Amino acid sequence: MKGRTRMTRKLSRRAFLKGSLTAAASAAAVTPLARAADAAAGPSGEPLVTVINIADCTGCQECVHACRESNAGKFPRPQKPFPRMFPDRVPVEDWSDRKDVSDRLTPYNWLFIQQASAVINGEETLLTIPRRCMHCVNPPCVKLCPWGAAKQEVNGLSRIDSDICLGGSKCNKVCPWDIPQRQTGVGLYLDILPGLAGNGVMYKCDRCFQKIENGETPACIDACPEGVQTMGPKSEMVKKAKAMAKEMDGYLYGLDENGGTNTIYVSPVPFDQLAMETGKGVPHLDPVEDRMAQGTNLARAMIIAPLAGAAAAFGKFYKGMKEEDK
Ligand code: SF4
Ligand code: SF4
Ligand code: SF4
């Protein structure tokens with residue numbers, strides 16, 4: 001029943017979730033979110049990890065709206081017409097006329113609610129799952145970005161600097177979950193290599209890094225009426241996720257995938273029993289081996305690191321020059 005099938009009938013909505021399992025999970029999820037801010041300030045020096053309790057998500061989309069509203073200022077504002085690429089190998093990816101799309105990841109939608117069905121206690125049940133960047137512990141998108149545009153902060157979040165990104169989409173190709181999404185006609189390439197570079201900028205969840213820096217909670221966590229997400233220092237969150245899973249006789253995803261991520265999903269059913277659509281911008285929940293443990297990627301990362309540093313420095317310098325000229 002592994003996830004690739006389309007759900008064709010209306011599913012009864014989680015009788016299961018209103019039961020004792022949810023009560024136990026909810027209790028575990030009520031940890032004050034303010035703690036995230038403390039963790040971000042770094043008293044424990046640990047990365048920030050988010051636990052997402054699938055059993056509690058009602059699919060209300062409040063988190064999606066909050067993410068869009070909070071990050072609207074970071075969304076692309078492409079210039080049209082787009083410059084012609086030479087050679088004509090990089091496709092135009094234009095989401096600017098489809099900003100409202102909310103059922104997948106796009107440059108204008110960094111979080112979406114994925115639907116999955118599963119048989120729980122003999123009853124077919126619909127589960128809803130918030131999906132965004134997993135914020136990998138050893139992120140290939142960061143380690144293999146040739147321009148130094150993707151970076152990882154000490155608290156474990158990864159983000160793409162839209163001032164430096166040339167849109168070559170390496171981050172998307174090496175991401176096991178197809179997370180970063182490209183918008184054509186925006187960014188540094190328009191100034192320096194309009195016909196030759198990557199054709200835009202890549203966008204994804206940046207973990208609301210400015211909010212975290214200011215001691216605030218990410219918008220999606222703050223907006224959720226069900227307390228589905230809990231963020232805090234890694235050791236505490238790992239303990240919590242394991243306790244929640246034990247309590248609900250459930251399963252974890254994200255702890256080991258791709259060598260470990262800073263996002264841990266807790267599910268009442270095994271992840272390989274979730275039937276769900278996947279595809280471009282619609283990530284799977286399959287097992288993932290550590291991509292950065294592969295010899296070729298390790299070697300590439302070592303070669304790229306100094307070049308990426310120089311490219312990023314140039315990007316920042318160029319941006320500074322442009323701002324002075326304004
Ligand atoms: S999930 Fe993909 S985009 Fe997010 S940190 Fe991991 S590799 Fe990068
Ligand atoms: S952490 Fe921020 S950017 Fe990421 S999904 Fe939540 S609201 Fe969106
Ligand atoms: S706001 Fe909470 S309950 Fe609503 S869809 Fe998002 S995670 Fe689920």
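Residues numbered from 1 in each chain as written. Chains lettered and ligands numbered in written order. Predicted model: local features only at pLDDT ≥ 70, side-chain atom pairs only at ≥ 80, totals over all residues.

1. A look at the pairing of strand E1 (residues 48–53)
Alright, step 1. Summarising burial for E1: six of the six residues are buried, a large majority.
Alright, step 2. Taking every second residue as pointing to the same face, both faces of E1 are buried, with Leu48, Thr50 and Ile52 on one and Val49, Val51 and Asn53 on the other.
Alright, step 3. By the bridge criterion, five bridges tie E1 to strand E8 (residues 229–233) in an arrangement that is antiparallel. The residue of E8 that forms the bridge with Leu48 is Pro233. (Buried ≥ 20, exposed ≤ 12 C-beta atoms within 10 Å, placed from the backbone. Helix = DSSP H or I, 4+ residues; strand = E, 2+ residues; numbered from the N terminus. Pairing = 2+ DSSP bridges.)

2. Description of the site of ligand 3
Alright, step 1. Inspection of the region around ligand 3 gives 14 residues, with Cys57, Cys60, Glu62, Cys63 and Cys224 positioned closest.
Alright, step 2. Contributing elements (two or more residues each) for the shell around ligand 3: helix H3 (62–71) and strand E3 (123–131).
Alright, step 3. Here the residues of the shell around ligand 3 are counted per class, giving eight nonpolar, four polar and two charged. (Near = placed C-beta within 6 Å. Nonpolar A, V, L, I, M, F, W, Y, C, P; charged D, E, K, R; others polar.)

3. Observations regarding helix H9 (residues 234–247)
Alright, step 1. Here H9 contains 14 residues, and its C-alpha end-to-end distance of 20 Å stays within 8% of the 20 Å for a straight helix at 1.5 Å per residue.
Alright, step 2. Among the residues making up H9, those that are buried are Met237, Lys240, Ala241, Met244 and Ala245. Taken around the axis of H9, the buried residues stretch over an arc of 130 degrees, which confines them to a single face. Among the exposed residues of H9, those pointing more than 90 degrees away from its buried face are Ser235 and Lys246.
Alright, step 3. Positive phi shows up at Asp249, right after H9, with a value of about 55 degrees. (Expected span 1.5 Å × (residues − 1). Arc of directions from axis to C-beta.)

4. Thoughts on the confidence of the model for the protein chain
Interpretation of the predicted coordinates at a detailed level should be avoided for regions scoring low in pLDDT.
Alright, step 1. The predicted model of the protein chain averages 83 in pLDDT, with 76% of residues at 70 or higher.
Alright, step 2. Taken as a whole, residues 1–42 scores under 50 in pLDDT and shows 84 contacts with residues more than four places along the chain or in a different chain. (pLDDT = per-residue confidence, 0-100. Contact = placed C-beta atoms within 7 Å.)

5. What to know about the sheet that holds E3
Alright, step 1. Strand order across the open sheet formed by three strands is E3-E2-E11, with antiparallel pairing between neighbours. Of all strands in the sheet, those with a lone pairing partner are E3 and strand E11 (275–276), marking the two edges.
Alright, step 2. One ladder, built from two bridges, connects strand E2 (residues 112–120) with E11; its direction is antiparallel. Within E11, the residue paired with Ser117 across the bridge is Ala275.

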